[in-house]
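Descriptive structure summary
Now for the letters of each chain:
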Amino acid sequence: MRTTRVIHTISCHAEGEVGDVIVGGVAPPPGETLWQQRSFIAADENLRRFMLNEPRGGVFRHVNLLVPPKHPEAQMGFIIMEPEDSPPMSGSNSICVATVLLDAGILPMTEPVTELTLEAPGGLVRVRAECRGGKAERITVRNLPSFADRIGATVEVDGLGTLTVDTAYGGDSFVIVDAAALGFAIREDEAYDIARLGVRITAAANDQLGFSHPEQTDWDHISFCLFAGPLDATENGFCTSSAVAIRPGKIDRSPTGTAVSARIALLHAQGKMRNGQTLVARSIIGSEFSGRIAGLADVAGRPAIVPEITGRAWITGTHQHMLDPADPWPEGYRLSDTWGARG
């Protein structure tokens, strides 16, 4: 086999959402901080195109690059590459990374509980892994401080008219809409319509509302649209269904850890959830994340919460991605049938 490049990955999914992990073949990108390294990868795009574009990737794939941590408390750093963004944090991807690190023996496992500190571009992520028989069975991630941004705002969406929406940050930025008000019960057969409408709502919210993180000021857009199902009361909070539309046009198969964080931050700001309460979110395929308000915080003077997200992940295989020197598409390609129209 001829190849000018070999990238080693361990494939994984968290509650249905793919989060592959690069474990070899890529040098750490330049940068004094993980945020600077993230920004280099986002601007350079060489690695993103190679791993995410077809024929090696696709709209379904997220890829995480392991890097040495910059913070002395962290055992490992990771940089997240999603179809259209390299975000500050991701719940499903952090659960995949923690699972791969432990199940593959990259970091030592202690049963019944292993505690880790990982470093995401947005900050430190504390991990508690419940382990048995050499398997990390359940991962709890203490996420970045999360906050409501706009409550009860309005946006104009072509073909829909005026929508009342909320925006919030949960390690990534969201516009949140009422699924039932838009006619969705969050069933599998609605995935196509939710995905495409969600991309339109996200674009409208970026044009009309926008978002800027008060500390990471170059994170200046809304990434996703969260279709929020109704709340059903439980003994210690609520359960709900939800679907997150990810650009360029797919539905997250998991309940989306950053979306759960953003929603409980919004519910706390609205006085509907209090410290210590839990929101169990069910995805469009029926998988679940549990989100708990683990504490209160402050982000540049605005009230925030500290969310904990719990879910499961499973390794699905290993792969060596190669590049034949005669391959006419060394950086891959994207077609609008699955990637959507690009501006």
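Thresholds, definitions, all that
- Residues numbered from 1 in each chain as written.
- Predicted model: local features only at pLDDT ≥ 70, side-chain atom pairs only at ≥ 80, totals over all residues.
- Heavy atoms only, no water.
- 1 Å grid on protein atoms, 1.4 Å probe; cavity = no way out; pocket = protein on both sides within 12 Å on 5 of 7 lines; lining within 4 Å.
- Points joined across faces, edges and corners; volume = space filled by probe spheres on them.
- Helix = DSSP H or I, 4+ residues; strand = E, 2+ residues; numbered from the N terminus.
- Nonpolar A, V, L, I, M, F, W, Y, C, P; charged D, E, K, R; others polar.
- Core = buried A, V, L, I, M, F, W, Y, C linked by side-chain atoms within 4.5 Å.
- Buried < 20%, exposed > 50% of the residue type's maximum accessible area, 1.4 Å probe, protein only.
- Contact = heavy atoms within 4.5 Å.
- Salt bridge = Lys/Arg side-chain N within 4 Å of Asp/Glu carboxyl O.

Considered as a void within the structure, the second largest pocket measures approximately 230 Å³ in volume. Contributing to the lining of the second largest pocket are 15 residues, with Asp166, Ile176, Asp178, Ala228 and Arg263 lying nearest its centre. Elements supplying a minimum of two residues to the lining of the second largest pocket: β10 (161–169), β11 (173–178) and α5 (257–269). Considered class by class, the residues forming the lining of the second largest pocket number eight nonpolar, three polar and four charged.

Among the nonpolar cores identified, the biggest contains 64 residues, and Phe78, Leu118, Val127, Ile139, Val165, Ile201 and Phe227 are the most heavily contacted of them. When residues of this core are assigned to their parent elements, the largest contribution, seven residues, is made by helix α3 (residues 91–103). Those residues within four positions of Val165 in sequence are excluded, and the remaining contacts are Arg150, Ile151, Gly152, Ala153, Val155, Val175, Ile176, Val177 and Leu209. The next biggest cluster of nonpolar side chains, apart from the first, holds 14 residues, and it includes Ile7, Ile22, Met51 and Met81.

Our next topic: the pattern of salt bridges. Should the charged atoms of two oppositely charged side chains come close, the side chains can pair. Taken as a whole, this structure holds 18 salt bridges when the rule is applied. One salt bridge in this structure joins Arg334 and Glu84, with 3.6 Å as the shortest N-O distance. In this pair, Arg334 sits in the loop between β19 (313–322) and α6 (336–339) while Glu84 sits in the loop between β5 (76–81) and α3, placing the two residues 250 residues apart along the sequence. On the accessibility criterion, Arg334 (22% relative accessible area) is partly exposed.

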